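A closer look at the structure
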Amino acid sequence: MNELFLYALPVVVFGLVAIGFAVWLARDVLSRDQGTAAMQDISGRIFEGAVAYLNRQYRTIGMLAIVVAIVMGLLVAIFEREHQAARGVVTALAFLVGAILSGISGFIGMYVAVKSNVRTAAAAQKGVGHALVVALRGGAVSGLLVVALGLLGVLGVYGVVYQFAEGELPQIAETPFWIVGFAFGASFVALFAQLGGGIYTKAADVGADLVGKVEAGIPEDDPRNPAVIADLVGDNVGDCAGRGADIFESSAAEMIGAMILGVALFRASGGDTDSSDIFWIFFPLVVGAFGLVASIVGVFAVKPSGTIRDPMTELNKGFYVTAGLSALFLVIICMFLPFGKWQFALCGLVGLATSFAFVYITQYYTEQKYRPVRDIAEASKTGPATNIISGISVGFETTGLPAITIGAAILASYGLGQTVDGFTEDIGVSAGIFGTAVATMGMLMTAAYILAMDTFGPITDNAGGIIEMSGAPDEVRDVTDMLDSAGNTTKALTKGYAVGTASLAAFLLFSAFLDEVDRFSTGTIERVVNIAEPRVFVGALLGATLVYVFSAFSIRAVGRSATAMIEEVRRQFAEDPGIMLGTSTPNYRRCVDISVRSALREMILPGTLAVVVPILVGVFLRWEAAAGTLMVGTIVGVLMAMVMNNGGGAWDNAKKAIEAGHLSEGGKVLGKGSDAHAAAVVGDTVGDPWKDTAGPSLHVLVKLLATITLVLAPLFI
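Residues numbered from 1 in each chain as written. Predicted model: local features only at pLDDT ≥ 70, side-chain atom pairs only at ≥ 80, totals over all residues. Heavy atoms only, no water.

1. A short note on unusual backbone geometry
Phi is positive for Arg622, close to 75°, though the residue is something other than glycine. As for its placement among the helices and strands, Arg622 is situated in helix α20 (residues 604-659). Assessed through its relative accessible area of 26%, Arg622 is described here as partly exposed. (Helix = DSSP H or I, 4+ residues; strand = E, 2+ residues; numbered from the N terminus. Buried < 20%, exposed > 50% of the residue type's maximum accessible area, 1.4 Å probe, protein only.)

Encoded structure:
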């Protein structure tokens, strides 16, 4: 059997199996009870708003993507060393394919989540277990389809470009260098999708909370609040569409980067295109394919009873099954490598252990039952100022354990990979680097299940809103509140997971960038970036600054958009007293329109900044400075993302802990309507743009830096 066909076969088969299983899950969810007419009406409004926003957003992103593809293709054609015209055309087209599939991934995530929310609300009337199954299966549709699209997309682009890729390497090894534009396209769309969706959702959320809950004193998701539909729409376009595009670009960029690093070991093995030597190149795709199988089993493993005490226990059970199967599959797959079987298997297990570590660390900092969230809730007794001080300190504290975990994972996987060097001659790039790539792929094996847990969050959040707005009994709202609290944790887990994969991936993508520079340099380069060199230091400084300025622009965008929302909600309350009396219907559409226009307008500046800065650094200060921007920008971006993601998540769950009656003073419960609750709402509002706009966008920014420098390496030499 042809070796290329042999290694492509499991990717195609398991990718199609995952798509088929996702379709089955979708039919299962969509066949369930949709609840009352009032529930269906609210769900329909959410769906209408989400689709309208995504259509407008993707038209805007599409125009930007076409311009960038043309410019990038021209630059590659001009500065490429050989096959200029072909490389320019392929890079531009691969960019567009990556952008299109990334957009489709985002749309899938949103569509299925919106259709699942009303089914989850209806299932909540039967108990926590029933609602949990519906929400998780709705999320799993997105997770499986997005990861399958990434695998099949990379393999499909590889298969097309393979037909005519030329260079100094054999065709099968040259092709990965030709398709890096695919990863850039995926990152480009993911950044704008995450950024725009985050601005949209937080403009609505902040406006709804500050005017509705704090000023008017009405409950969250109260139908009298004009911003409530925009808030519920935002959960989908931000947390679902944005995260779907994010996970897609993560898997695509990291697989292509690992394939490029695999070329070095392909050559070290002898470079025989008719032997198992090519497995080094296809190893990342095969590992990802088996990860899909593990995720499918993990979803099936979650079958709770009708009444359960802790939804996270059930969700974690599915994750344990997925991770356990992934470990088994990974060890088996590594046995087919030409050499270094056990060393690389251990590297992959290091990656899986890292994903476990990030899950537990994130849970510790964002779940209600642990010290950080309890501290923030306690601080709320003395007002908003102490709540905010406590929340910021928790956010800063969260960088410690993840940084140690990332460092340990890189050192362990690199060290294990290095021990393989003795098996080969002149590897060129140390097998230690490939060890870190294997660790990254091991961590990514659970991506489909992790994304299912993430999408579970906005589905349950929307379900709670539907229950509140439709006037369902309090005991049903108690069910959705329990699931919503778990959903806040799962959303935080996914962000932590994404930051962890971005950290490991940045190391392998940096090495892939050095490979590209080496290929296009006239002589052999030193694979050392000297931070004491002025140009490198300046590039590193600009990389760190980019993270802060990008974060500032993102948060300021939310502030400006939220101001417009607050003014509109106040105006409606003032001009129509019947809204508060329940005799008039608020103008929901007006608030949705404010969020749409604000998000599309405000996402342009920070998104453009993220693309332009690394290009300007590379053009004017050359490749060493671009390497400095990439390295330090990654380090600072990862740390800042953890501060914002976990700090914001802790603020949110501190508020929910108070709402659930877990805070008391002098024997009196300080729940909804108390001064402590008002302080917690203010803290949560401060954390909203942290955890849902700037934080998630930062780990996309980190990977965008890597893919931009990788694609435009010839321009920087």
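Now, onward.
2. What to know about helix α4 (residues 128-161)
The terminal C-alpha atoms of α4 lie 49 Å apart, and with 34 residues this matches the ideal 50 Å at 1.5 Å per residue to within 8%. With 29 of 34 residues buried, α4 is to be regarded as a mostly interior element. (Expected span 1.5 Å × (residues − 1).)

3. With respect to the state of the cysteines
A complete count under the given rule lists zero disulfides for this structure. Cysteine Cys347 remains unbridged, with the sulfur of Cys334 as its closest cysteine sulfur at 8.3 Å. (Disulfide = S-S within 2.5 Å.)

4. Observations regarding the pattern of salt bridges
Enumeration over the complete set of coordinates arrives at 21 salt bridges. For Arg45, the salt bridge is made with Asp41, and the minimal N-O distance between the two is 3.3 Å. With Arg45 and Asp41 both in helix α2 (residues 37-79) and four residues apart, the pair spans about one turn of that helix. According to the relative accessible area criterion, Arg45 is partly exposed, its value standing at 36%. Here Glu314 ties to Lys317 by a salt bridge, and the two come within 3.2 Å at their closest N and O atoms. In this pair, Glu314 and Lys317 are both assigned in helix α9 (residues 311-334), three residues apart and thus about one turn of the helix distant. Its relative accessible area of 34% is what places Lys317 among the partly exposed residues. (Salt bridge = Lys/Arg side-chain N within 4 Å of Asp/Glu carboxyl O.)

5. Brief notes about the environment of Val394
With respect to the element layout, Val394 can be found in helix α12 (residues 384-397). Sequence spacing of Val394 and Gly647 is 253 residues, and the spatial spacing of their C-alpha atoms is 5.9 Å. In contact with Val394, other than residues within four places in its own chain, are Tyr365, Pro372, Ile376 and Ala650. (Contact = heavy atoms within 4.5 Å.)

6. Quick word on the confidence of the model for the protein chain
Taken over all residues, the pLDDT of the protein chain has a mean of 83, while the share at 70 or more is 96%. Per-element confidence in the protein chain is highest for α12, whose mean pLDDT is 92, and lowest for helix α16 (residues 474-520), whose mean pLDDT is 76. (pLDDT = per-residue confidence, 0-100.)

7. Overview of the packing of aromatic side chains
Tallied over the full model, the rule gives 23 aromatic pairs. Plain terms: the ring middles of Trp280 and Phe434 are 5.5 Å apart, the flat faces sit at 80° to each other, and that makes the pair edge-to-face. Separated by 154 residues along the polypeptide, Trp280 in helix α8 (residues 279-301) and Phe434 in helix α14 (residues 431-444) bring together distant segments of the chain. Accessibility assignment for this pair places Trp280 and Phe434 in one class, buried. (Phe/Tyr/Trp six-rings, centres within 6.5 Å; stacked < 30°, edge-to-face > 60°.)

8. Observations regarding the side chain of Arg119
Note on placement: Arg119 falls in helix α3 (residues 84-123). In this structure Arg119 touches Val29, Leu30, Arg32, Asp33, Gln34 and Val134, once residues within four positions along its chain are discounted.

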